[in-house]
Amino acid sequence: MNTADQYLKAIYLAQRIEEGPASTGTLADLLEVSPASVNEMIGKLEDQGLVEHEKYKGATLTDEGLERAHDALQTYCIIERFLTNVLEVEEFRDEARALESVIDDTVADRLDTIIDRPGECPDCFDPELDHCERLESPGTGTQCD
Amino acid sequence: MSLGQRVSTDRQLTRLLQIGVVLEEVVESRAAHHLETLPPEERDAVDEEVRALLVDAAEESADHRDRLEDLIADLDAETVPYEEINALVDAQYGPPEDTDGVLYDQLANEETAYKFYDDLIEAIEASDSEFAVDRERLLETLRTLREEEKEGAEEVTEIMERRA
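Residues numbered from 1 in each chain as written. Chains lettered and ligands numbered in written order. Predicted model: local features only at pLDDT ≥ 70, side-chain atom pairs only at ≥ 80, totals over all residues.

## Focus: the overall build of chain A
Check the secondary structure of chain A and you find 6 helices and 4 strands. Sequence-ordered secondary structure for chain A, helices as α and strands as β, is α-α-α-β-β-α-α-α-β-β. Taken over C-alpha atoms, the radius of gyration comes to 15 Å for chain A, in line with the 15 Å a tight globule of 145 residues would show. Seen along its three principal axes, the alpha-carbon backbone of chain A occupies a region of about 50 × 30 × 25 Å. (Helix = DSSP H or I, 4+ residues; strand = E, 2+ residues; numbered from the N terminus. Rg over C-alpha atoms; globule rule 2.2 N^0.38 Å.)

What follows is the structure in structure tokens.
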């Protein structure tokens, strides 16, 4: 997943957390980068028509940006679910975050052929918990069957 | 979140190599499933060239898996056994409708594996980190696997063009 897609995903999640435009501060926290880096990338995404930015309010995804953010979040969900259900990784959130920049969506699509992902994915992703609310593993506090 | 395509720890490298093994196992298992699950009339129609391609693909994936497992062993980790991945493929498998569907799936396998190794090589090259496995051996192995996936994709494309 490239950096732009990681930003789009973060904006999508921040919008859900804040129930409105994604603030620079929230994005900087989610992405673990400086506010200046966030502002620079928001400007680039705005130029590409993926984001609308309103001063003092924050960033909002356009329809095209929303579609790409959805795809990016779906790729991320596949990585988390794969790490949990196939490789049985307990610290799957930290590891998914460390791996997402190296896993392309075509690779994720192939991994998706062996995992059982809910049909409503990625809408069941909980931004506060940072994982799918229907994901069951020791790492989410609930045991798999 | 980790921005920027870079592999910087043994754990990250191990996970990526384990993912590589699973991708190879998926290729091997799907190739076997394709041959077993096509309807009899379609199975008869799968000519020798396509049958040989699927057998070669399964053998090549098993070989790639062995080479990745050698690297993973040097990192003191284990891989998911083939039987487990085969069972997961089995649970989700939807057979292609015909021989063209088999070939498209095989092309997707080869292209996905190529993309995976290409991204992994780039991410290792972008990092100065020392790994528990020799860096040159690691990169040489991955470059060989990438080249073989590229050749595999070209082979499938040639067959598809001949059949068109």
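## Quick notes on the UniProt feature "domain: HTH dtxR-type" (unreviewed entry) in chain A
Per the UniProt record, "domain: HTH dtxR-type" (unreviewed entry) is annotated on residues 2-59 of chain A. The span residues 2-59 of chain A carries 64% helix and 10% strand; its end-to-end C-alpha distance comes to 19 Å. (UniProt positions renumbered as here; feature names shortened; annotations may be inferred.)

## Observations regarding the interface of chain A and chain B
With 21 residues of chain A in contact, the opposing surface of chain B contributes 24 residues. Only helix H1 (3-18), helix H2 (24-31), helix H5 (92-99) and helix H6 (105-111) of chain A provide two or more residues apiece to the side of chain A that touches chain B. For the side of chain A that touches chain B, the element with the most residues is H5(A), which contributes 4 residues. In terms of residue class, the side of chain A that touches chain B is built from 10 nonpolar, 5 polar and 6 charged. (Contact = placed C-beta atoms within 7 Å. Nonpolar A, V, L, I, M, F, W, Y, C, P; charged D, E, K, R; others polar.)

## Quick word on the UniProt feature "domain: Iron dependent repressor metal binding and dimerisation" (unreviewed entry) in chain A
With numbering aligned to this structure, UniProt lists the feature "domain: Iron dependent repressor metal binding and dimerisation" (unreviewed entry) at residues 62-123 of chain A. Counting secondary structure, residues 62-123 of chain A comes out at 61% helix and 0% strand; the distance between its end C-alpha atoms is 18 Å.

## A short note on the packing of helix H4 (residues 63-85) of chain A against H5(A)
Residue and element names in this part refer to chain A. In the contact formed by H4 and H5, the axes pass within 9 Å of each other and the chain directions differ by 130°. By the angle between their directions, the pair H4 and H5 is classed as oblique. When you trace H4 past H5, the crossing you get is right-handed. Where H4 approaches H5, its residues Tyr-76, Ile-79, Glu-80, Leu-83 and Thr-84 are matched on the opposing element by Phe-92, Glu-95, Ala-96 and Leu-99. For the contact of H4 with H5, the residue count by class is 6 nonpolar, 1 polar and 2 charged. (Axes fitted to C-alpha atoms, helices over the stretch in contact; angles between N-to-C directions. Parallel < 35°, antiparallel > 145°, perpendicular 65-115°, else oblique. Left-handed = near helix turned anticlockwise from the far one by under 90°.)

## A short note on the domain arrangement of chain A
Residues and elements named next belong to chain A. Under the domain assignment, chain A is made up of domain 1 (3-62) and domain 2 (67-139). Relative to domain 2, the C-alpha centre of domain 1 lies at a distance of 21 Å. Contacts between the two partners involve 11 residues from domain 1 and, on the opposite side, 9 residues from domain 2. If you tally residues by element for the side of domain 1 that touches domain 2, the top one is H1, at 9 residues. (Domains from an automatic or database assignment.)

## Topic: unusual backbone geometry
Residue and element names in this part refer to chain A. Following Cys-121, the chain continues to Pro-122 via a peptide bond in cis, the omega torsion being 10°. With respect to the secondary-structure elements, Pro-122 resides in the loop between H6 and strand S3 (125-126). Non-glycine residue Glu-32 carries a positive phi angle of around 55°. If you trace the backbone, Glu-32 turns up in the loop between H2 and helix H3 (35-47). What makes Glu-32 exposed here is the crowd of 11 C-beta atoms within 10 Å. (Buried ≥ 20, exposed ≤ 12 C-beta atoms within 10 Å, placed from the backbone.)

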